[in-house]
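# Overview (structure and organization)
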Amino acid sequence: MAFQDFDLITEKRKNDRRQKLKRRIAIGAVCTIVVIGLIGAAAFVVVSRNEENEVNDGTKPASDSTKQIAQGEKLVKTICSSTDYQDKCMTSLSKEVQKDSKPKDVLKISITVALEEISKAMNKTTSFNFQSEKEKGAFEDCKKLLEDAKEELGLSSSRVTAVEVSKLEESSSDLNSWLSAVISYQETCIDGFEEGKLKDDIKSAFKDSKEYVSNSLAIVSKLASLLSTLKGGSSRRLMSTSSTDEDVPEWINDEDRRMLKAADDKPTPNVTVASDGSGNFKTISEALNAIPQKYTGRYVVYVKTGTYAETVTIEKRMANVTLYGDGSQKSIITGNKNFVDGVRTFQTATFVVLGEGFLGKAMGFRNTAGPEKHQAVAARVQADRAVFVNCRFEGYQDTLYAQTHRQFYRSCVISGTVDFIFGDAAAVFQNCILNIRKPMDNQQNIVTAQGRADERQTSGTVLQNCQIKADDSLASAEKGKFKSYLGRPWKEYSRTIVMESEIDDVISPEGWMPWEGDFALKTLYYAEFNNTGNGAKTDSRVKWGGYKVIKKEEAAKFTVENFLVGDWISWNSVPVQRGLYN
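Conventions and cut-offs
Residues numbered from 1 in each chain as written. Predicted model: local features only at pLDDT ≥ 70, side-chain atom pairs only at ≥ 80, totals over all residues. Heavy atoms only, no water. UniProt positions renumbered as here; feature names shortened; annotations may be inferred. Helix = DSSP H or I, 4+ residues; strand = E, 2+ residues; numbered from the N terminus. Buried < 20%, exposed > 50% of the residue type's maximum accessible area, 1.4 Å probe, protein only. Contact = heavy atoms within 4.5 Å. Areas by Shrake-Rupley, 256 points an atom, 1.4 Å probe, with all protein chains shown as cover. Arc of directions from axis to C-beta. Core = buried A, V, L, I, M, F, W, Y, C linked by side-chain atoms within 4.5 Å. Phe/Tyr/Trp six-rings, centres within 6.5 Å; stacked < 30°, edge-to-face > 60°. Pairing = 2+ DSSP bridges. Axes fitted to C-alpha atoms, helices over the stretch in contact; angles between N-to-C directions. Disulfide = S-S within 2.5 Å. Parallel < 35°, antiparallel > 145°, perpendicular 65-115°, else oblique. Left-handed = near helix turned anticlockwise from the far one by under 90°. Nonpolar A, V, L, I, M, F, W, Y, C, P; charged D, E, K, R; others polar. Salt bridge = Lys/Arg side-chain N within 4 Å of Asp/Glu carboxyl O.

Per an unreviewed UniProt entry, the recorded name for the protein chain is Pectinesterase, and the organism is Senna tora. The record held by UniProt for the protein chain lists under Function (unreviewed entry) the comment "Acts in the modification of cell walls via demethylesterification of cell wall pectin." For the protein chain, the Catalytic activity (unreviewed entry) comment in UniProt is given as "[(1->4)-alpha-D-galacturonosyl methyl ester](n) + n H2O = [(1->4)-alpha-D-galacturonosyl](n) + n methanol + n H(+)".

This paragraph deals with the overall build of the protein chain. From N to C terminus, the protein chain includes 13 helices and 26 strands. Counting all 582 residues of the protein chain, 53% fall into the buried class. Relative to all contacts within the protein chain whose residues are 6 or more apart in sequence, the contacts with residues 24 or more apart total 70%. For the protein chain, the exposed area adds up to about 26,900 Å²; of that, 49% sits on carbon and sulfur atoms.

Before going further, it helps to examine helix 7 (residues 197-205). For helix 7, the complete set of buried residues consists of Leu198, Lys199, Ile202 and Ala205. All buried residues of helix 7 fall inside an arc of 120 degrees around its axis, so they share one side. Buried residues belonging to helix 7 abut helix 4 (103-125), helix 5 (133-162), helix 6 (168-191) and helix 8 (207-230).

Quick look at the nonpolar core now. Grouped together as the largest cluster of nonpolar side chains are 61 residues, with contacts concentrated most on Phe351, Phe388, Phe393, Tyr409, Ile414, Phe429 and Ile468. Excluding residues within four positions of it along the chain, Ile414 makes contact with Phe393, Thr399, Leu400, Phe420, Ile421, Phe429, Cys432, Ile433, Leu434 and Asn435.

By the definition in use, this model includes 20 aromatic pairs. Consider the rings of Phe365 and Phe388, whose centres lie 6.0 Å apart with planes at 90 degrees: the pair is edge-to-face. Of this pair, Phe365 sits in strand 9 (residues 364-367) while Phe388 is found in strand 11 (residues 386-389), placing the two residues 23 residues apart along the sequence. With a relative accessible area of 0%, Phe365 lands in the buried category. Among the aromatic residues, those joined into a cluster by ring pairs are Phe351, Phe358, Phe365, Phe388, Phe393, Tyr409 and Phe429.

A few words now on the sheet that holds strand 7 (residues 351-353). Read across the open sheet, the 7 strands follow the order 4-7-10-13-16-19-22; overall the sheet is parallel. In this open sheet, the two edge strands, each paired with only one partner strand, are strand 4 (312-314) and strand 22 (484-487). In this sheet, neighbouring strand axes are inclined to one another by 15 degrees on average, regardless of whether the strands run parallel or antiparallel.

Taken as a whole, this structure holds 2 disulfides when the rule is applied. Disulfide pairing is shown between Cys80 and Cys89; the S-S distance is 2.0 Å. A torsion of -75 degrees about the S-S bond marks the disulfide between Cys80 and Cys89 as left-handed. Judged by relative accessible area, Cys80 falls into the buried class, the value being 1%. For Cys142, the disulfide goes to Cys189, at an S-S distance of 2.0 Å. Every disulfide takes its handedness from the sign of the S-S torsion; for Cys142 and Cys189 that torsion is 95 degrees, giving right-handed. One end of the pair, Cys142, is in helix 5; the other, Cys189, is in helix 6, and 47 residues separate them in sequence. Residue classification places Cys189 among the buried residues on the basis of a relative accessible area of 1%.

Okay, the packing of helix 4 against helix 5 next. Angle between the axes and distance between the axes: these two values describe a pair of packed helices. The geometry of helix 4 relative to helix 5 is characterised by a closest axis approach of 9 Å and an angle of 165 degrees between their N-to-C directions. With respect to their mutual orientation, helix 4 and helix 5 come out roughly antiparallel. Regarding helix 4 and helix 5, the two cross each other, and that crossing is left-handed. On helix 5, the residues that touch Lys104, Leu107, Lys108, Ile111, Thr112, Ala114, Leu115, Ile118, Ser119, Met122 and Thr125 of helix 4 are Phe139, Lys143, Leu146, Ala149, Lys150, Leu153, Ser156, Ser157, Val160 and Thr161. Across the contact of helix 4 with helix 5, the residue classes break down as 11 nonpolar, 6 polar and 4 charged.

This brings us to the pattern of salt bridges. Note on pairing: side chains with opposite charge can pair once their charged atoms come close. Inspection of every chain in the model, using the stated rule, returns 31 salt bridges. In this structure, Arg344 engages Asp141 in a salt bridge whose closest nitrogen and oxygen atoms are separated by 2.6 Å. Highlighted residues: Arg344 in the loop between strand 6 (331-335) and strand 7 and Asp141 in helix 5, separated in sequence by 203 residues. The class of Arg344 is partly exposed, set by a relative accessible area of 22%. The salt bridge partner of Lys207 is Glu211, with a shortest N-O separation of 3.0 Å.

This is the structure:
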């Protein structure tokens, strides 16, 4: 009888849960309908006001069908007003937008148009005359980059289609990351060619497609802002510093949660790499190639102490890979490919990350080509949501290529000379040591060269609570012989923020260096906040239009929480300061 009573109680609880679930679904449906209605209403208000003005001016009222068409056109005009290339926006969207289209439909059409334009540009470049081996190689790079661009435009379109209007704001971080990367891919393609007519032709071919992608970014921002306003502010749940298991992002499965909880311990590896033959594989590349094609979950590769002279690539299919070693000066991947020896900068990297969700721990990455070989990349990171902890990146010029997407570096050491942190990722470097090494006699040192090419891109380089200092090789030399700077603008809208960091007197008083002439000096965004050290004084800093010393409210925009929209970084796996330190 007792068991029967228990069964009745259990069944009652199940029924109660079912009723609660039904109520939640109903509430969710109502909320979605309300938000959709509000967005539609907002657009309708703009359109209606315009129509009222026409009536007041004495214009004859139009028929219902004409009004619907006019409302579609005015919806396009309203949304396109937020873009930088309004004529392109109006022309392309007016052809496709139907009389009953909603703002979300307009965004999807905009992304589709951008995808079509990239395909057109690629087709156009196939008719160009690539004569030298360098030109042919650069074009091969372009083809790979543009396939990535098309793939991520497709992802963006699919996300917009699948997501409810009420949740579009929550997807804006992903959309911004993917669309920003699409612009960067095109820029990287162009950069692969030497100055001259061919490069000018390539640049011209991609002019329209880049502008269409820029418009899509502007529309994402417009709709996200509208949704946030209608909801009374951001709906994103902020995580507390003292996180619990419930604070781990939903996309992290149970297996990952268990592994991330033991961040300070060595997770159980799927395979072990040991150069002495004591593991499953002798090389890292062999271990990665052995990952099953359809593996789900996090795949862990443990690299024992040793120096591995190989080019290692975490391919796109290798999502959620953890690579950890015995220490950044014990487990080392090394190479020496470089520009002087005829290798394109894009291809010089010793270590390449393409698969999203990568986590690197206690590993060293080197390019030993030396300063006389110019561009020689130790690591190129293209993957989205890539995290490096307690890692070391050693090189000279172009040491770390933070190429695209969202990246987080915690307690890492990066050493180099010229532009040794460069690229167009949204990257935060927290608690890192940036070692400025001794360059060639005719060179100066530059820590960063950020490559944001369009104002709408959400990319930038943030150095927070870092140490920027001279390496022993430079400290032992005469410091005054070599000038060192925090950064220079690789692209027109270059964005770099140095905050709450300790800056050694190795940095010249002016702080920042121009790229060439007055290029980008008004359009860049370079900022400093609450830094310390003998090189942190801002009295003698450059007087460019784009340089500023910012206040706390402005600096908060570039924290992990706000700049990376840090929910994808597990607070339980990686130590992270999601806000400002002070």
